[in-house]
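# Chains, contacts and geometry: an overview
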Amino acid sequence: MSTFIEAERLSLRYDDVTALDEVSFTLTGGKIYGLLGRNGSGKTSLLSLLAGYRKPSGGTVTVGGRPVFENAEVTGQLCLVRGTGDAAVSGLKVKELLEFAEHLRPSWDAGYARELVDLFELPVDKNAGTLSHGKQSALGIVVGLASRTPVTMFDESYLGLDAPSRYKFYDALLAEAMAHPRTMILSTHLIEEVSALFEEVLILDDGRLVLHDDAEALRASGSAVTGDAEQVDRFVDGMRVLGEKRLGRTKSAMVYGELDADRRARAQAAGLDLGPLALQDLFIHLTEPANAHQGETP
Ligand SMILES: Nc1ncnc2c1ncn2[C@@H]1O[C@H](COP(=O)(O)OP(=O)(O)OP(=O)(O)O)[C@@H](O)[C@H]1O
């Protein structure tokens, strides 16, 4: 199935709350997409529309050119894992829940599911609803990965996972994306941890899409300038500074825009380090109330 995803002026309202406001984008598919946004920015709302869980209040969303809502041919190819999964309400044992997931997904890989169950040390005979928060998240991740659906979405699936388990998830996701390329969308606000996985990034703010771009291009769209605070201040004077951090006499300033050879030589002469822009800094800058809704560039 083609996983070309197209949203056209997509809106979702809950009574008087506009959760998504005329969001438009095209995802060509076969990549790992990062969906970023602060709490309440509309990430879950957008994923529920992409998964066909809800009907848009306005606009359209299609996968492979076909509308998603109430279209079983399309929704059978999609898997959305929400937060800690839906394990708590199922009343099923872990192994029964996995059998149920297998029954729903023609693309399910049972051998891979067993490997992941071992990786996350899930007790298969335990009632899924009695698992710890983190283990329920891990179960959701197993369902999402082993489903091998052409479009797989993880809505803040790291919730409750401890750091070692989160890194197991990131490693498994990357290995899976390389071995079985498919469209994966991850919503998160733990940006620094996962940003290296993203090939494209979408940032929502207050129900609007404020940025959609290639992750590499974003990292290259600016620089982190680090060194002696006075030298940094002198160097960035007149440039567009997205954010700053200071530790004692050392300062790091995130600047937007390409640095030409002359600027780079000046940085070197002043003993300053130049690194790529961190997606997290761009995210914070774009979603700060003072900077909100200013279009597709920082
Ligand atoms: N069922 C609902 N009824 C009414 N309002 C809702 C409902 N679900 C979400 N909202 C509202 O819609 C807006 C977007 O919420 P959404 O859950 O999509 O954001 P989010 O980016 O996923 O947030 P978070 O990171 O906190 O999970 C918020 O203002 C939220 O309060």
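Since we're looking at a predicted model, the values are computed, not measured.

Basis of the calculations
Residues numbered from 1 in each chain as written. Predicted model: local features only at pLDDT ≥ 70, side-chain atom pairs only at ≥ 80, totals over all residues. Heavy atoms only, no water. Salt bridge = Lys/Arg side-chain N within 4 Å of Asp/Glu carboxyl O. Helix = DSSP H or I, 4+ residues; strand = E, 2+ residues; numbered from the N terminus. Buried < 20%, exposed > 50% of the residue type's maximum accessible area, 1.4 Å probe, protein only. Near = heavy atom within 4 Å. Polar contact = N/O pair within 3.5 Å; in protein donor to acceptor, adjacent residues only side chain to side chain. Areas by Shrake-Rupley, 256 points an atom, 1.4 Å probe, with all protein chains shown as cover. Nonpolar A, V, L, I, M, F, W, Y, C, P; charged D, E, K, R; others polar. Core = buried A, V, L, I, M, F, W, Y, C linked by side-chain atoms within 4.5 Å. Contact = heavy atoms within 4.5 Å.

### Some details on the pattern of salt bridges
This model, assessed by the stated rule, comprises 17 salt bridges. Among the salt bridges present, the one from Arg-148 reaches Glu-176, with a minimum N-O distance of 2.6 Å. With Arg-148 in the loop between α5 (133-147) and β7 (151-155) and Glu-176 in helix α6 (residues 163-179), the pair connects residues that are 28 residues apart, well separated along the chain. Like Glu-176, Arg-148 is buried. Across the salt bridge formed by Arg-219 and Glu-216, the nearest N and O atoms sit 2.8 Å from each other. With Arg-219 and Glu-216 both in helix α8 (residues 215-219) and three residues apart, the pair spans about one turn of that helix. A cluster of three or more residues bridged by salt bridges with shared partners is formed by Asp-109, Arg-148, Glu-176 and Arg-182.

### Details of the site of the ligand
Taken together, the neighbourhood of the ligand is formed by 13 residues, with Gly-40, Gly-42, Lys-43, Thr-44 and Ser-45 sitting nearest. Here Thr-44 contributes a side-chain N or O atom positioned 2.8 Å from an oxygen atom of the ligand. Between the ligand and Ser-45, the relevant distance is 2.6 Å, taken from an oxygen atom to a side-chain nitrogen or oxygen of the residue. Within the complex, the protein chains bury 60% of what would otherwise be the 630 Å² of accessible surface of the ligand. Elements that contribute at least two residues to the shell around the ligand include exactly β2 (17-27) and α1 (43-50). Counting residues per element, the shell around the ligand draws most heavily on α1, at three residues. In the shell around the ligand, the residues fall into three nonpolar, six polar and four charged.

### Structural notes on the nonpolar core
Counting residues in each nonpolar core, the largest one holds 52 residues, and the members touching the most others are Phe-169, Leu-173 and Phe-198. In terms of residue count, α5 provides more of this core than any other element does, seven residues in total. Ignoring any residue separated from it by four or fewer positions in sequence, one finds Phe-169 in contact with Phe-120, Ile-141, Phe-154, Leu-161 and Leu-186. Counting 27 residues, the second largest nonpolar core, distinct from the first, contains Leu-10, Val-23, Ala-51 and Val-68.

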